[in-house]
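For reference, the chains in residue letters:
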Amino acid sequence: MNIDHVIENFHTFNNFARNKINGGINRIAFSQPERLAALKFSMLCQKAGLDVYFDFFGNVIARREGKYPNLKPIVLGSHIDTVKDGGQYDGLLGVLGALEVVEYLNEHHIETDHPIIIIAFACEESTRFNEATLGSKYLTGKMTKNDMKSIQDNDGNVLYDIVAPLAQDMNGKTALFERNKIKAFLELHIEQGPILENNKKDIGIVTDIAAPHRFKLQIQGVTSHSGSTPMPMRRDALTTAAEIILKIESIGKTYHAQGIVTTVGYAQVYPNTMNAIPGEVTLLIDIRGKKQDIRERVVSEIKEQIELTVEARNLSHQLIDLGHDEPRSLNQQMANITEQSCINQNFTYRYMYSGAGHDAMNFAPICPTSMIFIPCKNGVSHSPEESVTPSQIEKGIQVMIDTTIELSKLDTTLV
């Protein structure tokens, strides 16, 4: 493996969209830097001898033929987009790692029995459309072209109208993957949490992926003068929102041992001036869990607390469901293969679940699916402070290489 070449690729992609002030990366979905990165990745795949095309949604798909072209492919990949001022490794690790797997096979003249497909997914982050993993949802049939017409970004732009002019569908190839048409899907990713680092483990083998249920809450109070409105007569949307935020946090803590986390990560206040009582507040609420029944119980409790709070304060509200994904369990046979790689390489490892959603969750219903994690410094991600070392990257890619080679053998069967 050429780790120096991998690190050089990281620098190339991240320099497309680096915030020169804080170092954050801004490859927002379908922005110019993100599309430039997609084009660059397609060129690197072509250089590696792969058959490359873009699908309708802008996912980059590259195929390395196997000894038996009619066998089901092994699919590797992750995403290239970021959150606003995000980190350098989130998503990109799995994309460049997949490319390095192919480079390794080429360098060592390894012909796999099964074909290998690598994918750079578009729009995995929910930053722009408040819904995550859209590229892999399209590829796996969970989101249709017609569905795109009802999805809007934060500025009211319709997803279909953004995608359609960029669509290529090169050579008329279909990119949609169907159930039982893929042998396995494997994704390499940074953990985005502190568990591996705190436990001094090199590799995380993911057993389950938690999934979000998201809402937009709009609270309507009355905007009035901060000096002229007596305290008992105020209908303050912001203090109401503050109370709701704390209740959401408290419910999350109550259910934390059952794999639940609750977050209010966005607030918009109107008129947002010092001398006016806020009359309108919009919150975005993110509720995640690895067990769907428990997560939906938490959703019900949060809805109830929102109702009670706005009613007690004599305000009105609107709660808009932004959609939800299903938590997924991953394939144990694939995990066993990764575990054996760790043993052979003398890497420390642990089994764990992912609190963050990933593209892998959309493949789990249609084929055997697994994920490999590497640690990140202090567990920080979605931030300019996101950091991993070349050694950690090298270990993650090595395990991915070993796992892929084993998966791509004709006599490796999965259920």
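Check the entry above for the structure.
It should be emphasised that the depicted structure is a prediction, and the values quoted were computed from it without experimental measurement. (Residues numbered from 1 in each chain as written. Predicted model: local features only at pLDDT ≥ 70, side-chain atom pairs only at ≥ 80, totals over all residues. Heavy atoms only, no water.)

(A) Local environment of the overall build of the protein chain. From N to C terminus, the protein chain includes twelve helices and 15 strands. Against the globule reference of 22 Å for 415 residues, the protein chain gives a C-alpha radius of gyration of 23 Å, in line with a compact fold. Put simply, the protein chain has 415 residues, and 53% of those count as buried. Of the roughly 18,200 Å² of accessible surface on the protein chain, a fraction of 48% belongs to carbon and sulfur atoms. Positive and negative side-chain charges of the protein chain, numbering 40 and 50 respectively, have mean locations separated by a distance of 1 Å. (Helix = DSSP H or I, 4+ residues; strand = E, 2+ residues; numbered from the N terminus. Rg over C-alpha atoms; globule rule 2.2 N^0.38 Å. Buried < 20%, exposed > 50% of the residue type's maximum accessible area, 1.4 Å probe, protein only. Areas by Shrake-Rupley, 256 points an atom, 1.4 Å probe, with all protein chains shown as cover. Lys, Arg positive; Asp, Glu negative; His and termini not counted. Charge placed at Lys NZ, Arg CZ, Asp CG, Glu CD.)

(B) Region of the structure containing the nonpolar core. In this structure, F10, F41, L76, I118 and I393 are the most contacted members of the largest nonpolar core, which totals 55 residues. If you tally residues by element for this core, the top one is helix α3 (residues 92–107), at ten residues. Not counting chain neighbours up to four residues away, the residues in contact with F41 comprise F13, V60, V95, L99, I118 and A120. (Core = buried A, V, L, I, M, F, W, Y, C linked by side-chain atoms within 4.5 Å. Contact = heavy atoms within 4.5 Å.)

(C) Layout of the state of the cysteines. Applying the stated criterion across every chain, the model contains zero disulfides. C45 takes part in no disulfide bond, and the closest cysteine sulfur, belonging to C367, lies 19 Å away. Distance from the sulfur of C376, which forms no disulfide, to the nearest cysteine sulfur (C342) is 17 Å. A relative accessible area of 1% means that C376 is categorised as buried. (Disulfide = S-S within 2.5 Å.)

(D) Molecular detail of the sheet that holds strand β11 (residues 280–289). Pairing is antiparallel in the open sheet, where four strands are placed in the order β9-β11-β7-β12. The two strands at the open ends of the sheet, each matched to only one other strand, are β9 (260–270) and β12 (316–324). Within the sheet, the average angular offset between the axes of one strand and its neighbour, ignoring direction, is 15°. Here helix α9 (residues 292–312) sits on the sheet in contact with β7 (211–220), β9, β11 and β12, set at roughly 5° to β7. (Pairing = 2+ DSSP bridges. Axes fitted to C-alpha atoms, helices over the stretch in contact; angles between N-to-C directions.)

(E) Seen up close, unusual backbone geometry. Cis geometry marks the peptide bond from Y270 to P271; its omega dihedral reads 5°. One non-glycine residue, T133, lies in positive phi territory at about 50°. Examined against the element boundaries, T133 turns out to sit in the loop between β4 (116–121) and α4 (134–139). Of note in the backbone geometry, N272 takes a positive phi value of approximately 65° without being a glycine. Of note, N272 is situated in the loop between β9 and β10 (276–277).

(F) How the structure looks around the packing of aromatic side chains. The full count for this structure, using the stated rule, is ten aromatic pairs. Their ring planes at 80° and their centres at 5.3 Å tell us that F30 and F57 sit as a pair that is edge-to-face. Taken together, the residues F30 in the loop between α1 (3–14) and α2 (32–47) and F57 in the loop between β1 (51–54) and β2 (60–64) connect sequence positions 27 residues apart. Looking at F30, the relative accessible area reads 10%, which means it is buried. Their ring planes at 50° and their centres at 6.2 Å tell us that F177 and F363 sit as a pair that is tilted. With F177 in the loop between α6 (159–163) and β5 (184–190) and F363 in helix α11 (residues 360–363), the pair connects residues that are 186 residues apart, well separated along the chain. Of the two residues, F177 and F363, neither departs from the other in class, the shared state being buried. Grouping aromatic residues by their ring pairs yields a cluster made of F30, F56, F57, Y138 and Y160. (Phe/Tyr/Trp six-rings, centres within 6.5 Å; stacked < 30°, edge-to-face > 60°.)

(G) Fine view of the pairing of β4. Among the six residues that make up β4, six are buried, leaving the element largely enclosed by the rest of the structure. A two-sided burial pattern is seen for β4, the buried positions comprising I116, I118 and A120 on one face and I117, I119 and F121 on the other. Here β2 runs beside β4; their pairing, made up of five bridges, is antiparallel. Each residue of the ladder has a partner; that of V60, found in β4, is A120. In this fold, strand β3 (residues 74–79) hands off to α3, which returns the chain to β4; that crossover is right-handed. (Right-handed = clockwise from strand over helix to strand, strands pointing away.)

Nothing here speaks to function; it is all geometry.
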